[in-house]
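Here is what each chain is made of, one letter per residue.
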Amino acid sequence: MKVLIVGGVAGGASAAARLRRLDESAQIIIFERSSFVSYANCGLPYYIGGVIEDESELSLQAPESLWKRFRIDARTRQEVCAVDPAGKTVTVCRLDSGELYQESYDKLILSPGAKPVKPDMPGINSEKLFTLRTVEDTLRMRRYIDSRKPGSALLVGGGYIGLELAENLRERGLRVTIVQQPDQLMNTLDYDMATLVHAKLRQNGVELRLNSNVTGFEDSEDGIKAFLGSGESISADMVLLAIGVSPDNSLALSAGLELGIKGSIVVNDRMESSVPDIYAVGDAVQIKNPVSGQDALISLAGPANKQGRIAADNICGIDSHYAGTMGSSVIKIFDMTVASTGLSEKAARAAGLEIDRVVLSPSSHASYYPGAKNMTVKIIYEKGSLKLLGAQIIGYEGVDKRLDIISAAMSGALKADRLKELELAYAPPYSSAKDPVNMAGFIIDNIENARLGQFHWDELPGISNDGSVIRLDVRTRAEYELSHIEGFINIPLDDLRERLSELERGKPVYVICQSGIRSYIACRVLAQNGFECYNFSGGYGFYRAVSEERLCGESGYPCGMEK
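Calculation criteria
- Residues numbered from 1 in each chain as written.
- Predicted model: local features only at pLDDT ≥ 70, side-chain atom pairs only at ≥ 80, totals over all residues.
- Heavy atoms only, no water.
- Helix = DSSP H or I, 4+ residues; strand = E, 2+ residues; numbered from the N terminus.
- Polar contact = N/O pair within 3.5 Å; in protein donor to acceptor, adjacent residues only side chain to side chain.
- Contact = heavy atoms within 4.5 Å.
- 1 Å grid on protein atoms, 1.4 Å probe; cavity = no way out; pocket = protein on both sides within 12 Å on 5 of 7 lines; lining within 4 Å.
- Points joined across faces, edges and corners; volume = space filled by probe spheres on them.
- Nonpolar A, V, L, I, M, F, W, Y, C, P; charged D, E, K, R; others polar.
- Expected span 1.5 Å × (residues − 1).
- Buried < 20%, exposed > 50% of the residue type's maximum accessible area, 1.4 Å probe, protein only.
- Salt bridge = Lys/Arg side-chain N within 4 Å of Asp/Glu carboxyl O.
- Lys, Arg positive; Asp, Glu negative; His and termini not counted.
- Core = buried A, V, L, I, M, F, W, Y, C linked by side-chain atoms within 4.5 Å.
- Pairing = 2+ DSSP bridges.
- pLDDT = per-residue confidence, 0-100.
- Patch = residues over 30% accessible without salt bridge, like charges linked within 9 Å, V, L, I, M, F, W, Y side chains within 5 Å.
- Areas by Shrake-Rupley, 256 points an atom, 1.4 Å probe, with all protein chains shown as cover.
- Axes fitted to C-alpha atoms, helices over the stretch in contact; angles between N-to-C directions.

### What about the side chain of Thr177?
Along the chain, the position of Thr177 falls in strand S13 (residues 175–180). Within the structure, the side chain of Thr177 is placed 3.5 Å from the side chain of Glu207, a separation counted as a polar contact. The contacts of Thr177, once residues within four sequence positions are left out, are Ala153, Leu154, Leu155, Glu207, Arg209 and Ile234.

Set out below in structure tokens:
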């Protein structure tokens with residue numbers, strides 16, 4: 001059996017290695033148009049920032065090592081430019097010489113990946129403008145920074161690559177500005193959670209220009225100028241374009257494969273395309289989101305590796321199926337960790353789902369053990385069925401652990417309230433006896449069993465301040481005097497039972513505290529004394545982060561940014 005694989009990196013390289021493990025006699029050829037057949041795509045920003053110092057660390061496997069260990073023929077600097085499904089051949093171009101030749105196949109795996117979006121606008125081909133997708137892109141950018149010593153960089157786009165580059169460029173001493181057309185960074189997050197990311201970036205000297213779009217570029221004597229839709233311009237020494245990627249579908253088009261959203265390759269759960277004996281994996285394929293059941297494009301290394309393995313299994317006669325991608329991801333932003341899985345609140349609502357949400361701010365480990373820090377956890381679930389739909393967690397240590405637990409619970413179809421039953425490892429340096437994941441389950445259980453009512457930051461404007469309801473802040477007097485929401489009266493939790501007579505019966509009570517724990521206890525006291533009570537989800541700390549960001553959006557730069 002002869003198997004040709006177009007593209008290495010995650011999907012193609014994992015398919016090749018799996019094929020060899022299953023079939024020692026197969027002829028396996030990988031065509032890779034870059035000079036690197038298998039490389040650490042996710043590590044590229046960290047080489048630019050100097051965290052990864054040795055260029056060779058970026059290459060996971062070289063053609064020589066693939067041949068020596070696996071007898072895989074990896075041909076770099078060779079690009080497949082056409083596919084003939086009828087004749088079962090591909091046309092290959094040797095990029096260094098321009099020579100063309102044909103190669104036959106029994107099975108073909110397409111792993112072309114995705115390419116950075118470069119809109120057609122003035123100045124887009126400036127040598128001071130960069131994209132980051134390949135090792136060659138990384139080396140070019142690193143050489144430019146090392147030789148030119150730029151003092152400033154403009155990043156267009158606020159996704160994962162853009163934020164990782166922002167951190168690494170700041171670590172190298174550059175002034176960094178991010179321009180983003182939407183009003184938030186990281187579209188995998190909801191706006192309220194993204195405000196925590198905005199604050200962290202500003203604290204580390206990154207200027208944010210949200211609700212702004214770039215219309216073109218122009219080289220200047222001392223750098224490059226970006227023109228905004230507002231009529232303003234921003235000058236910098238270099239520009240990094242990170243506004244997204246699109247599936248590289250040129251081969252799929254030439255082969256007549258069925259295409260899906262944004263021109264992605266349509267495959268079934270065996271990773272088979274619409275044309276017999278042609279498989280496709282990685283960033284170029286359309287997948288199912290198992291949470292929403294909808295088609296999606298999710299560009300992540302983990303799913304690409306799994307898809308490569310599944311394609312190889314099926315080629316070798318093993319009935320293997322891909323379950324879809326929930327989009328579990330994590331990113332480091334300076335000393336903060338941001339993780340998400342499944343659907344955001346906005347995505348769930350857009351999918352027509354009737355949802356509820358909880359926000360909590362638990363400690364990363366036992367509060368009495370040194371070093372505990374709060375994390376913010378948001379969980380979205382479906383009303384009625386209690387199906388877990390998604391989670392977003394932002395904090396410091398332990399964020400990835402909790403996100404992975406919730407992702408596993410979603411994969412196992414656990415209902416949201418069953419998070420309270422999970423038996424999770426506990427020791428004071430690592431967690432609390434009631435882990436943050438358990439705490440989320442307790443809250444959901446209380447809500448679903450009518451032991452707790454709640455309200456959210458975006459519902460606050462609709463809660464009357466005309467005296468028909470009671471707004472109550474149960475933090476200490478000192479906390480309240482430092483900062484509070486206008487219209488909320490202060491009765492500290494520990495004084496509440498003795499001061500119930502100050503609250504007019506028959507009026508609903510809306511309660512807030514710093515993190516949501518004291519206000520929950522207050523609600524239990526009030527409910528058992530005949531009051532209708534609602535707890536603020538996420539606490540005052542969460543409310544303040546969101547409200548300050550909304551003020552930022554209105555007032556603009558510098559908005560608390562530390563230089």
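Having put the structure on the table, let's press on.
### Thoughts on the layout of surface pockets
Any empty space left between the atoms is revealed when a probe the size of a water molecule rolls over them. Estimates place the volume of the second largest pocket at around 610 Å³. Forming the walls of the second largest pocket are 28 residues, and the residues nearest its centre are Leu360, Pro362, Met439, Ile443 and Ile517. Listing elements by their share of the lining of the second largest pocket, those giving two or more residues are strand S26 (355–360), helix H11 (436–448), helix H13 (517–527) and strand S33 (533–536). For the lining of the second largest pocket, the class distribution of residues is 14 nonpolar, 13 polar and one charged.

### Re the environment of Val377
Counting through the fold element by element, Val377 comes out in strand S27 (residues 376–382). Remark: the alpha-carbon pair of Val377 and Val359, spanning 18 residues in sequence, is separated by 5.5 Å. The contacts of Val377, once residues within four sequence positions are left out, are Val358, Val359, Leu360, Pro362, Gln392 and Ile393.

### Description of helix H6 (residues 191–203)
Between its terminal C-alpha atoms H6 stretches 18 Å, which fits the 18 Å expected from 13 residues at 1.5 Å a residue. Burial runs high along H6: eleven of the 13 residues are buried.

### Some remarks on the pattern of salt bridges
Scanning all chains against the criterion turns up 39 salt bridges. With a shortest N-O distance of 3.0 Å, Arg357 and Asp458 are connected by a salt bridge. You can see Arg357 sitting in strand S26 and its partner Asp458 sitting in the loop between strand S29 (454–455) and strand S30 (470–473), a full 101 residues away along the chain. If you follow the salt bridges from partner to partner, you end up with Asp190, Asp192, Glu345, Arg349, Arg357, Lys378 and Asp458 in one network.

### Here's the deal with the side chain of Asp356
Along the chain, the position of Asp356 falls in strand S26. In this structure, Asp356 is buried with no salt-bridge partner, the nearest side chain bearing the opposite charge being Lys383 at 5.0 Å. Within the structure, Asp356 has its side chain in polar contact with the side chain of Gln454 (distance 3.4 Å). Those residues in contact with Asp356, other than ones at most four positions away along the chain, are Ile379, Ile380, Tyr381, Lys383, Ile447, Gln454 and His456.

### As for the nonpolar core
Core analysis: the biggest nonpolar cluster contains 58 residues, and Ile178, Val197 and Leu201 have the highest contact counts within it. Tallying contributions element by element places H6 first for this core, with six residues. The contacts of Leu201, once residues within four sequence positions are left out, are Leu163, Ile178, Leu185, Val206, Leu208, Ile333 and Phe334. Judged by nonpolar contacts, the second largest core, of 48 residues, contains Leu4, Ile28, Ala74 and Leu257.

### Considering the sheet that holds strand S22 (residues 285–288)
As summarised here, the arrangement of the three strands in space is S20-S22-S23, forming an open sheet in which the pairing is mixed. The open sheet has two free edges, formed respectively by strand S20 (265–266) and strand S23 (295–296), since each of these has just one partner strand. Relative to S23, S22 is paired through two bridges, and the arrangement is antiparallel. When the sheet's bridge partners are listed, Ile287 is paired in S23 with Ala296.

### Quick word on the confidence of the model for the chain
With 98% of its residues at a pLDDT of at least 70, the chain reaches an overall mean of 93. With pLDDT under 50 throughout, residues 554–558 is counted as low confidence; its partners more than four residues away or in other chains account for three contacts.

### Things to note about a nonpolar patch on the surface
A cluster of nonpolar side chains, Tyr368, Tyr369 and Tyr426, forms an exposed patch at the surface whose accessible area comes to about 360 Å². Note that Tyr426 resides in the loop between helix H10 (399–411) and H11. Since its relative accessible area comes to 42%, Tyr426 is described here as partly exposed.

### Description of the pairing of S27
Buried residues dominate S27, accounting for six of its seven residues. Pairing of S26 with S27 involves six bridges; the strand directions are antiparallel. Within S27, the position partnered with Arg357 by the bridge is Ile380. Pairing analysis gives six bridges linking S27 to strand S28 (residues 388–395), with the strands arranged antiparallel. Along S28, the bridge assignment pairs Ile379 with Ala391. Between S27 and S28, which pair antiparallel and follow one another directly, the connecting turn spans five residues, one of which, Gly384, has a positive phi of 85°.

### Examining the sheet that holds strand S18 (residues 238–241)
Hydrogen bonds along the backbone pair up the strands of a sheet, which may run parallel or antiparallel. Read from one edge to the other, the open sheet built from five strands follows the order S11-S18-S12-S13-S14, with strand pairing classed as parallel. Among the strands making up the open sheet, the edge pair consists of strand S11 (129–130) and strand S14 (206–210). Where strand S12 (residues 152–156) and S18 come together, four bridges link them in parallel fashion. When the sheet's bridge partners are listed, Leu155 is paired in S18 with Leu240. Its contacts with the sheet place helix H5 (residues 160–171) against S12, S13, S14 and S18, and it is angled at close to 165° to S13. Packing of H6 onto the sheet brings it into contact with S13 and S14, and relative to S14 it is tilted by some 135°.

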